[in-house]
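Residue-level structure breakdown
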Amino acid sequence: MPIYVAIRNQPDPVLEGGDVFARNAALALAIATLAACNVAAAQTANQPPDTMAARVEACTPCHGNKGEGTSDVYFPRLAGKPAGYLYNQLLAFKNGRRKYPPMNYLLEFLTDPYLQQMADYFADQHPALPPVVASDASQEVLQRGQSLVTRGDPQRQIPACGSCHGPALTGMEPGIPGLLGLRPNYISAQLGAWRYGTRTAKAPDCMQQVAARLTEEDVTAVAAWLANHPAPVMNAPAPKGTYVLPFACGSEPE
Amino acid sequence: MPSRSPILVLLLWSLFAGSAAEAQQKAGPTSDNIVARGEYLARAGDCIACHTAPEGRTFAGGRAMPTPFGTLYSSNITPDRETGIGKWTAEDFYKAMHTGRFPDGGLMYPAMPFASYTKVTRADSEAIFAYLKSIPPVNQRNREHDLRFPYSNRQLILGWRTLYFNEGEFKPDPTKSAEWNRGAYLVEGLGHCGMCHSPINALGGTAQSDAFKGGLIPMQNWYAPSLTSNREAGLGDWSIQDISDLLQTGVSQRGVVYGPMAEVVHNSLQYLSDEDTRAMAVYLKGISEPSPPPPASSVLPTTESSLLISLGKTVYDKNCASCHGAQGEGKPPHWPPLANNQSIEMQSAVNPIRMVLNGGYPPGTKGNPMPYGMPPFAGLLSDNEVAAVVSYIRTAWGNRGTPVSARDANELRSAPLN
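Note that the structure is predicted; figures quoted are calculated from it, not measured.

Structural notes on the overall build of chain B
- When you go through chain B residue by residue, the secondary structure sums to 18 helices and five strands.
- For chain B, the residues scored as buried account for 57% of the 418 residues in total.
- Excluding contacts between residues fewer than 6 apart, the proportion of contacts in chain B whose partners are at least 24 apart in sequence is 66%.
- Accessible surface, chain B as shown: approximately 17,200 Å² in total, 58% of it carbon and sulfur.

See below:
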């Protein structure tokens, strides 16, 4: 288990998913009901605001009011990431392919269209990026990180991270996230999660193939360099199909 | 609790079988298409929840079900001839639902709720079977159960059956309305509500006399309240409309569902027709018993608990009042009221403590597709603060619950979340 789980101030709940009743299934909704109208009719004066912002208040203590992130270095920023990417993550949490029990629990019985709306909401937020915190990693480590990110390591069949995450590392619509504005602990925890199998993406899980080829030192180096590298002013993901990926990714349909 | 010999039960059943006819007449949708009816009934029985794995093929089984005795894996019930129930006859299927036996006579583990499904009529069983025969077959071998010795020995089920299994179709109560009987048929039969809403004893059984009396669900650490006591989830003083809203949409003017009950609403109850929902509401309201007077102790807090409660008010005003209101009035149905909400006043404080630690969303339903949520406070509040705020909401605004300790809060931090 990646260490990052253990140092949160809540004990680590049982990770093995699936019990008799914690069950889920994404199914088409069928029967229009009278009660639906009743709930709607009750939406009068003394009601919570009819906004997405009010509906995602369950998320903001961890992710920030506009998805900008919080002081906890393992709680990621959501704002401005490609909507398709965020949606894929919410589906993965809902179905247990990506594991973080507090989130798995919250999303379990929400419908897919609603998860899409949550993803759209956070993708549309644009709070300022956090300032880059100077890294205490050595020059040698930072150089190794830069080299892996921009050139990869052909001998070990590691493609440049930029070949998928974009030349400016800002990602590509709909499914590839940017890599700047993330904190080093979060980046290494995610790469670790792919190597340990607690995070999986849609097959073919290209990111798993990449992460499996990285050593601990590689992970430390890319995380340090990425976190140390300021994001461009235009940090928006590139439009769909701007460049061709070195190999297929289930998260980014051709 | 009564322990009966299976033979006697069989005898009784054959005596009364004839009178079960009435309840089966009114089956959900008006369609006379047997497959559509079967699909609707399979919804009412929530077969999908156990028989479909996350992101797995529908009804192909393989869902892990942890029990105190080890892990069970649900079966493939698609019509695949090799790995599913493709070779079964309607008779075999009825026998499974009604008697908890495989076609070869072998005994099923009661995790398959045959102890409730035994009440299902023959006609309804046949409709469900016709529906299951109509879905795409999936070739996926059943995974073997992983049970500790001696539970791996199916002969043990015999003992369980003698103690807890009453075989027999639903028998309508002629002194009650057709609507009440329809509700009873759904709640006691396909709905298998008693599987959770009953005290679970060491053997994993439900004593008939304790049906619907509430209990802690093993492995999950959620308390399924009594459906008969108005001091728990008894619905005696709820309106039929509020009960129906709760069952069909997951939210209501009186309270919301969460935890395992959110699953039941999401996968099953939201699909039931207005008539069937109303019938269940009428029955549930009908079975609630007069409340005993509240325990006197809760009114007079000790010095210690009064300190706790004043800390609780501080925590509440800062973290909770924005949604639940300064007086616990909430903004129902989306932000539930906490004042006069029986689900937080029950003797067992497991649910409100877990609610505060884990937060939650009511289930997404047709009637409430975009629910509002509550953040988890596990990472934001200490054990003391959790105990304080839960003690506060259980005793403020005329609520009649009792204070809880930091230890109670701490123990539930490790409760499984999924």
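What about the side chain of N368 of chain B?
- If you trace the backbone, N368 of chain B turns up in the loop between α16 (350-358) and α17 (383-395).
- Leave out the neighbours within four places in its chain, and N368 of chain B touches T249, V251, H334 and P363 of chain B.

Some remarks on the state of the cysteines
- Here the structure, examined in full by the defined rule, presents one disulfide over all chains.
- With its sulfur 2.1 Å from that of its partner, C206 of chain A forms a disulfide with C249 of chain A. Between C206 of chain A and C249 of chain A, the disulfide has an S-S torsion of 105° and is therefore right-handed. Here C249 of chain A lies in the segment after α12 (216-228) and C206 of chain A lies in helix α11 (residues 206-212), a separation of 43 residues in the sequence.
- By relative accessible area, C206 of chain A is classed as buried at 12%.
- Free of any disulfide, C62 of chain A has its nearest neighbouring cysteine sulfur in C59 of chain A, separated by 8.7 Å.
- A relative accessible area of 24% means that C62 of chain A is categorised as partly exposed.
- We note that C193 of chain B lacks a disulfide partner, and the nearest cysteine sulfur, in C196 of chain B, lies 8.9 Å from it.

Brief notes about the confidence of the model for chain A
- Averaged over chain A, the pLDDT score is 83; the fraction of residues at 70 or greater is 82%.
- Throughout residues 1-43 of chain A the model reports pLDDT below 50, and contacts reaching past four residues in sequence, or to other chains, amount to 105 contacts.

Definitions and cut-offs
- Along each chain, residue indices are assigned from 1 in the same order as the chain's sequence is written.
- For this description, chains carry letters from A and ligands carry numbers from 1, given in the order in which they are written.
- A pLDDT threshold of at least 70 governs which residues receive local features in this predicted model, and a stricter bar of 80 or more applies before side-chain atom pairs are shown or counted, although totals over entire chains, interfaces and linings include all residues.
- To get the side-chain values, all heavy atoms of the structure are used, and hydrogens and water are removed first.
- Numbering of helices and strands runs from the N terminus; a helix is a DSSP stretch of H or I covering at least four residues, while a strand is a stretch of E covering at least two.
- Each residue is placed in one exposure class: buried if its accessible area under a 1.4 Å probe, protein chains only, is under 20% of its type's maximum, exposed if it is over 50%, and partly exposed if it falls in between.
- Note on definitions: a residue-residue contact is assigned when non-hydrogen atoms from the two residues lie within 4.5 Å.
- All accessible areas in this document rest on Shrake-Rupley with a 1.4 Å probe, and a residue is counted as covered only by the protein chains that are shown.
- Two cysteine sulfur atoms make up a disulfide if the distance between them is within 2.5 Å.
- What pLDDT conveys is the predictor's confidence in a given residue, as a value from 0 to 100.

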